[in-house]
Amino acid sequence: MELISKYFPQLTDIQKNQFQMLQKLYEDWNLKINVVSRKDIDELYLRHVLHSLGISKIQSFLPGSKILDVGTGGGFPGIPLAILYPQVEFHLVDSIGKKIKVVEEVVAGLQLKNVKTTNARVESVSGKYDFIVSRAVAQMETFVHWVDGKIAKKSLHERKNGILYLKGGDLSEELKVYKNTAIFPLSDYFEEDFFETKSVVYLPLKFKG
C-alpha cells in the first residue's frame with residue numbers, strides 16, 4: 001500500500017481504505033479460485049495494482065466518461081482504475097466465468113458503485129466507450145478487431161478516444177501497421193525495476209456508427 005501512496009499521494013481516506021482491502025480480498029478469493037499466481041499475490045501492489053494505475057499516468061479520465069476493460073481477468077486494470085476514478089463508469093468483461101465471479105465479489109467487497117461486469121466475449125458486448133483498456137490479452141491487430149465499433153463518437157478528453165493497452169517488451173514489429181500509436185514507457189513514471197520493459201500503448205480509434 002505504501003507503493004500506491006508513493007505515486008498517488010492525493011488519495012482520499014475512502015480510496016486508501018479500498019486499496020488497502022485489495023490484498024485480503026484477493027488472498028481470500030485466490031484460495032477458492034486461482035486467478036492470480038502465488039508470486040503475484042505476494043507482489044500484488046507492484047505487479048497488478050500499480051501496473052494497472054500506470055494507465056492513469058498517461059490519461060486521466062473525466063467524470064461521466066465510460067471505460068471498457070477487455071479480458072479483465074481478476075479485475076485488472078479495471079478495479080484499481082475504478083477506485084482511482086469513482087465518477088467514471090467502468091465495464092469489466094471476461095469470457096471466463098470464474099474470473100468474473102472473483103471480480104464481482106471484489107467489487108462488492110470494496111462497495112464500488114461505478115463498476116459493472118459481463119461474462120462474455122467482448123465481440124458480443126454492445127455499447128460505446130471513451131477508452132478501451134486492457135493488459136496484453138492479444139496481439140494489437142487481434143485486439144483492434146475484437147473492439148471494432150465500440151468507440152464513442154464524441155471525445156470528452158483532449159486525447160482522442162481509443163485504446164490504452166498495457167504491454168511489455170519490444171513492440172516495434174507488432175505495432176508497425178499502426179502509424180498513429182504512441183508508446184509511453186512506464187519506467188518514466190515508476191522507478192521500480194518491474195517497469196523497465198513495461199509500456200502503455202495508445203491507439204486512437206475512429207467512431208463507427
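The model shown is predicted, which means the values in this text are computed figures rather than measured ones.

What counts and what doesn't
Residues numbered from 1 in each chain as written. Predicted model: local features only at pLDDT ≥ 70, side-chain atom pairs only at ≥ 80, totals over all residues. Heavy atoms only, no water. Helix = DSSP H or I, 4+ residues; strand = E, 2+ residues; numbered from the N terminus. Contact = heavy atoms within 4.5 Å. Buried < 20%, exposed > 50% of the residue type's maximum accessible area, 1.4 Å probe, protein only. Salt bridge = Lys/Arg side-chain N within 4 Å of Asp/Glu carboxyl O. Expected span 1.5 Å × (residues − 1). Bend = angle between axes of the 7 residues up to and from the residue.

(A) Local environment of the environment of Ala 82. Of note, Ala 82 is situated in helix α5 (residues 78–84). Ala 82 sits 32 residues away from Asn 114 along the chain, and the two C-alpha atoms are 6.8 Å apart. Once residues within four sequence positions are removed from consideration, Ala 82 is found in contact with Phe 90, Leu 112, Asn 114 and Val 115.

(B) The environment of Val 133, seen in detail. With respect to the helices, strands and loops of the structure, Val 133 is situated in strand β4 (residues 131–135). The buried category is assigned to Val 133, whose relative accessible area is 0%. The spatial distance from the C-alpha of Val 133 to the C-alpha of Leu 92 is 9.6 Å, given a sequence separation of 41 residues. Aside from chain neighbours lying at most four places away, what touches Val 133 is Ile 55, Phe 61, Ile 67, Leu 68, Asp 69, Val 70, Pro 77 and Leu 164.

(C) The pattern of salt bridges, seen in detail. This model, assessed by the stated rule, comprises 10 salt bridges. We note a salt bridge from Lys 6 to Glu 191, for which the minimum N-O separation is 2.7 Å. Of the two residues, Lys 6 sits in helix α1 (residues 2–7) while Glu 191 sits in the loop between β6 (182–185) and β7 (198–204), which places them 185 residues apart along the sequence. Looking at Lys 6, the relative accessible area reads 41%, which means it is partly exposed. For Glu 191, a relative accessible area of 62% puts it in the exposed group. We note a salt bridge from Asp 28 to Lys 24, for which the minimum N-O separation is 2.8 Å. Taken together, the positions of Asp 28 and Lys 24, both in helix α2 (residues 13–32) and 4 residues apart, correspond to about one turn of that helix. Salt bridges sharing common partners tie together Lys 6, Glu 191 and Glu 192.

(D) Region of interest: helix α4 (residues 44–58). In this model α4 runs 21 Å from its N-terminal to its C-terminal C-alpha over 15 residues, within 8% of the 21 Å that 1.5 Å per residue would give. Taking the largest bend as the criterion, α4 deviates by roughly 35°, centred on Leu 50. The buried fraction of α4 amounts to 13 of the 15 residues, a majority that puts the element mostly inside the structure.

Geometric values such as these leave the question of function open.
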